[in-house]
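Listed below are the residues making up each chain.
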Amino acid sequence: MGIHRPARHHVVIIGSGFGGLTTAKALKRADVDVTLISRTTSHLFQPLLYQVPTGILSEGEIAPTTRLILRKQKNLQVLLGEVESIDLHANTVTSKLMEMRTVTPFDSLIAAGAQQSYFGNDQFATYPSGMKTIDDALELRGRIRGAFEAAEVTTDHAERERRLTFVVVGAGPTGVELAGQIAELADRTLAGAFRTIEPNDCRVILLDAAPAVLPPMGQKLGLKAQRRLEKMGVEIQLNAMVTDVDYMGITIKEKDGTARRIQCACKVWSAGVQASPLGKLIAEQSDGTETDRAGRVIVEPDLTVKGHPYVFVVGDLMSVPGVPGMAQGAMQGASYATTLVKRSLKGHDDPAARTPFKYRDKGSMATVSRFSAVAQVGKLEFGGFVAWLAGLVLHLVYLVGFKNRFTTLIAWFITFVSHSRGQMAITSQMIYARLAMEKLQNHTRGALAAAEQADQLEKSRQPGRFAARGSGAGVNEQQAAG
Ligand SMILES: Cc1cc2nc3c(=O)[nH]c(=O)nc-3n(C[C@H](O)[C@H](O)[C@H](O)COP(=O)(O)OP(=O)(O)OC[C@H]3O[C@@H](n4cnc5c(N)ncnc54)[C@H](O)[C@@H]3O)c2cc1C
């Protein structure tokens, strides 16, 4: 178990997302040592994640390596690892990489992090691809492309239909973007590439338990996006609650309680995110701090947890009324927390007299298709080409790294002016690796449990033999201690 003991004020950041990276960069010139711990090696630009499964961008373009972004920041170390526990009384964070555990002490902690939410139906996670990580995006690319390949091969009509039915669960921005892109992929990019598949053979369904598309963006923009998608052939099914997902398809409960099935090979879950288990870990140790239904920490007005003025929770891990789970919220929260840490170093911070965090809503948008998006900035709502162009520019501005901006621009140019997409390669690993790894883990767990059970049984059958062994071990321990 390695322990890092920096001499200066030590800031530990959990996560390399929008919250984590903003914090790290803001501490560049501060008189502190910083450790950024993340379970992923890159900073993922999630707003463009949908372009990876649909073949527009590569994962490298939207997920630059965190340690390369921060390589010049000499006061900072990046540690790869899954944070397993946080001790708010000893001020330590324990992270694990393979079987190596690292305990990192902190003076200030800034934590962020979220994961896909299946709304309590974690068994759903097996068959739909999620839309939260690079692994998810690559798996989905494999599944979309794989569905077309299988449809070309099969001679069974029903199976062919099942393979060519794509269901996106969740009609928020990501669901809208994905449904639009899958439809365009079938209609433009893959048209003519198969001998037995016509673009019209594909069915793309966008469904949601809510009664509207893009609910947070309001009725006008939701309807605008819906009409545009319908024009592209996407079927919108609202008030449709998913009650089961299996290999063959999904089961839906209608508003009137009736159940129906959609047979589909490729399904995507983009119905929401929840805080990582870290939220619960933090809240449990602070008297009076609670989590909300999504597992986010209900923080104090200064984004800290009760009784710990230098433990900040930001981004998708924090619950603050009026602050949406968006990149802007994470970045603004991170900047606010970092400012307080820097002030405290100069002795200018009085936790009891802090100005509360104030979120500035800079607007939101969703891309519907090539040349079409909907956007909301303050009271202004608009859609179409201007919104689409504004979205491209904004995403380019926030994407990290000049090289990434440049190659993304080229990839967009190729996609939008031609029928081609540059990232259509798939591998078997993309499609099978997650399920194979899960099987392997379950197998290992099962084998360990069986071995333990056999051991217990053996012990209960021959208690004398094991008691003798036990006392022997005790002697050895004593000898070792001596
Ligand atoms: C598909 C998708 C599209 C989106 N589109 C938009 C958009 O268009 N506009 C917008 O504003 N917002 C968008 N969002 C939301 C936005 O990306 C999030 O609000 C934002 O990323 C939150 O930042 P964060 O730092 O809290 O979390 P994240 O960016 O999710 O980063 C969390 C980090 O924590 C790490 N982590 C988590 N748990 C642990 C652990 N136990 N140990 C170690 N590390 C851990 C993760 O590896 C990751 O690096 C989108 C989100 C998704 C999923």
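Up top you'll find the structure we're talking about.
Quick look at the structure, then. Just so we're clear, the structure is a prediction, and the values are computed from it rather than from any experiment. Counting from 1, residues in each chain are numbered in the order their sequence is written. The predicted nature of this model means local features are confined to residues of pLDDT at least 70 and side-chain atom pairs, given and counted, to a pLDDT of 80 or more, with totals for whole chains, interfaces and linings taken over all residues. Excluding hydrogens and water, the side-chain values take into account all heavy atoms of the structure.

## Quick notes on helix α10 (residues 385-398)
For an α-helix, the turn length of 3.6 residues means that residues three or four places apart are oriented alike.
Working step 1: The numbering of helices and of strands both runs from the N terminus, where a helix is a DSSP run of H or I of at least 4 residues and a strand a run of E of at least 2. Helix span, as expected, comes to 1.5 Å for every residue beyond the first. An ideal rise of 1.5 Å per residue puts 20 Å on 14 residues; α10 measures up with 20 Å between its terminal C-alpha atoms.
Working step 2: Buried residues of α10: A387, W388, G391, L392, H395 and L396, and no others.
Working step 3: Any pair of residues with heavy atoms lying within 4.5 Å of one another is described as a contacting pair. Of the surrounding elements, those touching the buried residues of α10 are β22 (364-369), β23 (372-377), β24 (380-384) and α11 (402-417). We call a residue buried when its accessible area falls under 20% of the maximum for its residue type, exposed when it is over 50%, and partly exposed in between, using a 1.4 Å probe and counting protein chains only.

## Focus on helix α4 (residues 134-153)
Working step 1: Helix length check: α4, at 20 residues, gives a terminal C-alpha distance of 29 Å against a target of 28 Å (1.5 Å per residue), a fit within 8%.
Working step 2: With 14 of its 20 residues buried, α4 lies for the most part within the structure.

## A look at the packing of aromatic side chains
Working step 1: Pairing of aromatic side chains requires ring centres within 6.5 Å, counting the rings of Phe and Tyr and the six-membered ring of Trp. Pairs whose planes differ by under 30 degrees are stacked, by over 60 edge-to-face, and all others tilted. All told, the structure shown has 12 aromatic pairs when counted by the stated rule.
Working step 2: Considering the side-chain rings of Y310 and F312, the 6.5 Å spacing of their centres and the 70 degrees angle between planes classify their relative orientation as edge-to-face. The same class applies to Y310 as to F312, namely buried.
Working step 3: On the numbers, 6.2 Å between centres and 15 degrees between planes, the contact of F402 with F406 is stacked. Placement of both F402 and F406 in helix α11 is noted, with a separation of four residues, approximately one turn of the helix.
Working step 4: Linked through ring pairs, F371, F385, W388 and F416 together constitute an aromatic cluster.
Working step 5: When the ring centre of Y247 is taken as origin, the NZ or CZ atom of R162, which lies over that ring, is 5.1 Å away.
Working step 6: Above the plane of the ring of Y310 lies R354, whose end atom (NZ or CZ) is 5.0 Å from the centre. The rule is short: NZ of Lys or CZ of Arg within 6 Å of the ring centre and within 35 degrees of the ring normal puts a charge over the ring.

## Quick word on the pattern of salt bridges
Working step 1: Between Lys or Arg on one side and Asp or Glu on the other, a salt bridge is scored when a side-chain nitrogen of the former is within 4 Å of a carboxyl oxygen of the latter. Enumeration according to the criterion identifies 21 salt bridges in this entry.
Working step 2: Close ionic contact of R8 with D31 constitutes a salt bridge, the shortest N to O distance being 2.8 Å. With R8 in the loop between β1 (2-3) and β2 (10-14) and D31 in the loop between α1 (18-26) and β3 (33-38), the pair connects residues that are 23 residues apart, well separated along the chain.
Working step 3: Assessed through its relative accessible area of 34%, R8 is described here as partly exposed.
Working step 4: Judged by its relative accessible area of 53%, D31 is exposed.
Working step 5: Between E235 and R203 there is a salt bridge, and its shortest N-O distance comes to 2.7 Å. With E235 in strand β12 (residues 235-237) and R203 in strand β11 (residues 203-207), this residue pair connects regions lying 32 residues apart in the sequence.
Working step 6: The exposure class assigned to R203 is partly exposed, which follows from its relative accessible area of 35%.

## Overview of the site of the ligand
Working step 1: We call a residue near a molecule or strand when any one of its heavy atoms sits within 4 Å of it. Near the ligand there are 26 residues, and of these G19, Q46, V83, D316 and A327 occur at the shortest range.
Working step 2: Here a polar contact is taken to be a pair of N or O atoms separated by no more than 3.5 Å, where protein atoms must pair a possible hydrogen donor with a possible acceptor and residues adjacent in sequence count only if both atoms sit in side chains. Between the ligand and S38 there is a distance of 3.1 Å, counted from an oxygen atom to a side-chain nitrogen or oxygen.
Working step 3: Between the ligand and M326 there is a distance of 3.3 Å, counted from an oxygen atom to a backbone nitrogen or oxygen.
Working step 4: For the accessible areas, the method is Shrake-Rupley and the probe is 1.4 Å, while residue cover comes only from the protein chains on display. With the chains in place, 90% of the 1,000 Å² that the ligand exposes on its own is no longer accessible.
Working step 5: Of all the elements in the fold, those that place two or more residues in the shell around the ligand are α1, β5 (82-87) and α9 (327-345).
Working step 6: A class-by-class count of the residues in the shell around the ligand yields nine nonpolar, 13 polar and four charged.
Working step 7: Residues from two domains meet in the shell around the ligand; each of domain 1 (2-39 + 81-117 + 274-353) and domain 2 (122-271 + 363-426) gives at least three. Residue classes follow a fixed rule: Ala, Val, Leu, Ile, Met, Phe, Trp, Tyr, Cys and Pro count as nonpolar, while Asp, Glu, Lys and Arg count as charged, and any other residue, Gly among them, counts as polar. Here the limits of each domain have been adopted from an automatic or database domain assignment.

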